[in-house]
Amino acid sequence: MTNELPYSQSCENNKDPILAILKQTFAASNNVLEVGSGTGQHAVHFASNLPHLVWQTSDQLDYHDGLRQRLAAFPTDNVLPPIALKVGESSLPFARFDSVFSANTAHIMQQAEIAQMMKALSDDLPADGCFCQYGPFIENGEFNSQGNADFHEYLVTNGYGGYRDIDELKSWAPNLSLIEIHRMPANNLLLEWRKK
Ligand SMILES: C[S@@+](CC[C@H](N)C(=O)[O-])C[C@H]1O[C@@H](n2cnc3c(N)ncnc32)[C@H](O)[C@@H]1O
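Residues numbered from 1 in each chain as written. Predicted model: local features only at pLDDT ≥ 70, side-chain atom pairs only at ≥ 80, totals over all residues. Heavy atoms only, no water.

Novice: Account for the packing of aromatic side chains, with residues named and values stated.
Specialist: Overall, the coordinates contain seven aromatic pairs when judged by the stated rule. Taking the centre distance of 5.4 Å and the plane angle of 85 degrees together, the rings of F46 and F101 count as edge-to-face. With a gap of 55 residues between them, F46 in helix 2 (residues 41–49) and F101 in strand 4 (residues 99–103) connect regions that are remote in the sequence. Assessed through its relative accessible area of 0%, F46 is described here as buried. Every member of this aromatic cluster is reached through a ring pair, and the members are F26, F46, W55 and F101. (Phe/Tyr/Trp six-rings, centres within 6.5 Å; stacked < 30°, edge-to-face > 60°. Helix = DSSP H or I, 4+ residues; strand = E, 2+ residues; numbered from the N terminus. Buried < 20%, exposed > 50% of the residue type's maximum accessible area, 1.4 Å probe, protein only.)

Novice: Now, about unusual backbone geometry: what can you tell me, with residues and values included?
Specialist: For N104, which is not glycine, the phi torsion reads 55 degrees and is therefore positive. In this structure, N104 sits in the loop between strand 4 and helix 4 (111–124). Judged by relative accessible area, which is 27%, N104 ranks as partly exposed. Phi at N140 is positive, roughly 55 degrees, even though this residue is not glycine. The exposure class assigned to N140 is exposed, which follows from its relative accessible area of 64%.

Novice: Hey, could you go over the environment of A112 for me, with residue numbers and the actual values?
Specialist: Tracing the backbone through its elements, the reader meets A112 in helix 4. Judged by relative accessible area, A112 falls into the exposed class, the value being 59%. Between the alpha carbons of A112 and I83 there is a distance of 22 Å; along the sequence they are 29 residues apart.

Novice: Explain the site of the ligand to me, using residue names and the numbers behind them.
Specialist: In the vicinity of the ligand, 16 residues are found, and the nearest of them are G36, D59, Q60, V87 and A103. Between an oxygen atom of the ligand and a side-chain N or O atom of Q60, the distance comes to 2.8 Å. Here a nitrogen atom of the ligand sits 3.3 Å away from a polar atom, N or O, in the side chain of E113. The protein chains hide 88% of the 590 Å² of surface that the ligand would expose on its own. (Near = heavy atom within 4 Å. Polar contact = N/O pair within 3.5 Å; in protein donor to acceptor, adjacent residues only side chain to side chain. Areas by Shrake-Rupley, 256 points an atom, 1.4 Å probe, with all protein chains shown as cover.)

Novice: Any chance you could break down the side chain of D59 for me, citing the residues and the numbers?
Specialist: Mapping D59 onto the fold places it in strand 2 (residues 54–59). One buried charged residue, D59, forms no salt bridge at all, with the nearest opposite charge on K86 at 8.5 Å. Not counting the four nearest positions on each side in its chain, D59 is found in contact with G36, S37, G38, H64, L67, I83, A84 and L85. (Lys, Arg positive; Asp, Glu negative; His and termini not counted. Salt bridge = Lys/Arg side-chain N within 4 Å of Asp/Glu carboxyl O. Contact = heavy atoms within 4.5 Å.)

Novice: Could you give me a rundown of the nonpolar core, with the residues and numbers involved?
Specialist: By size, the foremost hydrophobic cluster in this structure holds 27 residues, and its most contacted members are V35, F94, M117, M118 and L121. Contributing elements (two or more residues each) for this core: helix 4, helix 6 (166–172) and strand 7 (188–195). Here this core gets six residues from one element, more than from any other, and that element is helix 4. (Core = buried A, V, L, I, M, F, W, Y, C linked by side-chain atoms within 4.5 Å.)

Novice: An account of the sheet that holds strand 2 is needed here, citing residue identities and associated values.
Specialist: The mixed open sheet is built from seven strands, whose spatial order is 3-2-1-4-5-7-6. Edge positions in the open sheet fall to strand 3 (79–84) and strand 6 (176–184), since each of these has one partner strand only. Direction aside, neighbouring strands of the sheet carry axes that sit 20 degrees apart on average. Here strand 2 runs beside strand 3; their pairing, made up of four bridges, is parallel. The residue bridging Q56 from the neighbouring strand is L80, located in strand 3. Running at roughly 175 degrees to strand 3, helix 3 (residues 64–73) makes contact with strand 2 and strand 3 of the sheet. (Pairing = 2+ DSSP bridges. Axes fitted to C-alpha atoms, helices over the stretch in contact; angles between N-to-C directions.)

Have a look at this one:
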């Protein structure tokens, strides 16, 4: 059955390096919202290894069947079934969570969508709330590999928003502090933001 589930090889590759960071950044968290849960591989892995918190999955409706199948195949007490959340269309429930996680979404969303998400996180996360944002980014105006520059071109050519510069993200989120840029395998980053 698991072979039929939506599957991402990159999730399998990055889930343990990300978990090692989340064990620190989410140590004091109670309830985490994941934006863009995708296949659900991250949700079941992180929640089962962070049993002190509740993990709320979310995504656009098209992803919900696959997500529900994965949650059924890997039952984990502290994962909640997905809520419908499409930045740009849905109201953003960040005030109800003390932490938010999102992987590989900033370069898929349109610029206006990721700008709206950063502003809502900045406005609505509770004091000391934590946002962990994983993916490839532009840093100081530069791509960190030719592969990332090429993938950005592919995304923009095919109607996606493309990579975002970290300074651009900061400008949309004046009430968030970028506490640390964690260097991850495969030229990815994990940006650890905290509400001021
Ligand atoms: C490349 S996948 C990443 C999925 C998963 N987080 C991972 O790391 O494998 C991009 C995800 O972003 C979500 N996404 C794209 N645009 C979105 C939007 N406007 N609001 C919420 N999610 C969005 C997609 O539905 C999809 O789940």
